[in-house]
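# Architecture and fold: a report
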Amino acid sequence: MTARQVTQLLFATAAGITPDLSNRDLSGLDLSGLDFKKARLDGVNFYGADLSDANLSGASLKSARLDRATLIGANFTNADMSGASLLRPNVFADMAAPARRSGLSFAGARLVGANFNGRFDGVDFERADLTAAFFGPRDPREEVLITPMMSLAGANFTGAVLAGADFSNDALENARFVGADLSRANLRHARLGGADFSNANLDGADLTGADMRGAFLKTARGVSTAVGIAAVP
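Read on for an overview of the structure. As the structure is a prediction and not an experimental result, all values here were calculated from the model. (Residues numbered from 1 in each chain as written. Predicted model: local features only at pLDDT ≥ 70, side-chain atom pairs only at ≥ 80, totals over all residues. Heavy atoms only, no water.)

Across its full length, the protein holds one helix and three strands. Starting at the N terminus and ending at the C terminus, the protein contains elements arranged as α-β-β-β. Counting every position in the protein, which comprises 233 residues, the buried fraction comes to 50%. Contacts in the protein between residues at least 24 apart in sequence constitute 26% of all its contacts with a sequence separation of at least 6. (Helix = DSSP H or I, 4+ residues; strand = E, 2+ residues; numbered from the N terminus. Buried < 20%, exposed > 50% of the residue type's maximum accessible area, 1.4 Å probe, protein only. Contact = heavy atoms within 4.5 Å.)

Printed below as a string of structure tokens:
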């Protein structure tokens, strides 16, 4: 499909009807600013597409591919992105101050088993379900030469479900995990300086070798069953 065809389909969809673009190849298209009207976008290939300021809230993007897509200011709140792939998208309008320039939101989204890699500094994941999500390269053959470490510095995971999520070796300085469920999460060798774990659940989490300098753990729950906490300075 062309960008024009996508736009026409969305505008022609009557109120109360869900647009269906499942399994379409929308790679490389300029879809910036579009309201997707909670469309079915399962399995869609958005590789390299421009989704800047697009409204994808409430949409279904199960197993969608958003690798290398431009997501500046995109709204994925309450979307279902289970199994989606988000490898090295363009998230920032200003790389000099990424935490203040993203505007990208996954608040309340379902991202079970999703795979992220690249820079997501300051991105909003509040109340998102990220059960078993993978943050980083699954395979050394992936495109990791420019950004070898997943970066989530200052990201907001307040109230998020991160049970079994994999953050190993990731940069998570000053991230907010307030009230988050990190049970059985893999945080081995993660950089967690200044991270806020207020009221977070760390039951069974693995923090072996993690840099926790300045992290707030005072009110965290499940610390006694977490691995590697005792060695934290």
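From this point, things continue past the structure.
Now for the pattern of salt bridges. For the coordinates displayed, the defined rule picks out seven salt bridges. Between D196 and R176 there is a salt bridge, with the nearest N and O atoms lying 3.8 Å from each other. Taken as a pair, D196 in the segment after β3 (134–135) and R176 in the segment after β3 lie far apart in primary sequence, 20 residues in all. R188 is the salt-bridge partner of D206, the closest N and O atoms lying 3.1 Å from each other. Within this pair, whereas D206 is found in the segment after β3, its partner R188 is found in the segment after β3, the two being separated by 18 residues in sequence. We classify R188 as partly exposed; its relative accessible area is 33%. (Salt bridge = Lys/Arg side-chain N within 4 Å of Asp/Glu carboxyl O.)

The subject of this paragraph is the sheet that holds strand β1 (residues 85–87). Taken in spatial order, the three strands make up an open sheet running β1-β2-β3, and their pairing is parallel. Edge positions in the sheet fall to β1 and β3, since each of these pairs with one other strand and no more. Alignment of β1 against strand β2 (residues 115–117), held across three bridges, turns out to be parallel. Bridging across to β2, L87 finds its partner in N117. (Pairing = 2+ DSSP bridges.)

This part is about the side chain of D67. Looking at where D67 falls in the secondary structure, it is placed in the loop between α1 (3–12) and β1. Discounting chain neighbours no more than four positions away, the residues touching D67 are F46, Y47, G48, S85, L86 and L87.

One finds F106, F125, F157 and F197 to be the most contacted residues of the largest nonpolar core, which totals 73 residues. When residues no more than four places from it in sequence are discounted, the contact partners of F125 are F106, A107, L111, F116, F120, L130, L152, A155, N156, F157 and A160. (Core = buried A, V, L, I, M, F, W, Y, C linked by side-chain atoms within 4.5 Å.)

Of note in the backbone geometry, R184 takes a positive phi value of approximately 65° without being a glycine. Judged by relative accessible area, which is 55%, R184 ranks as exposed.

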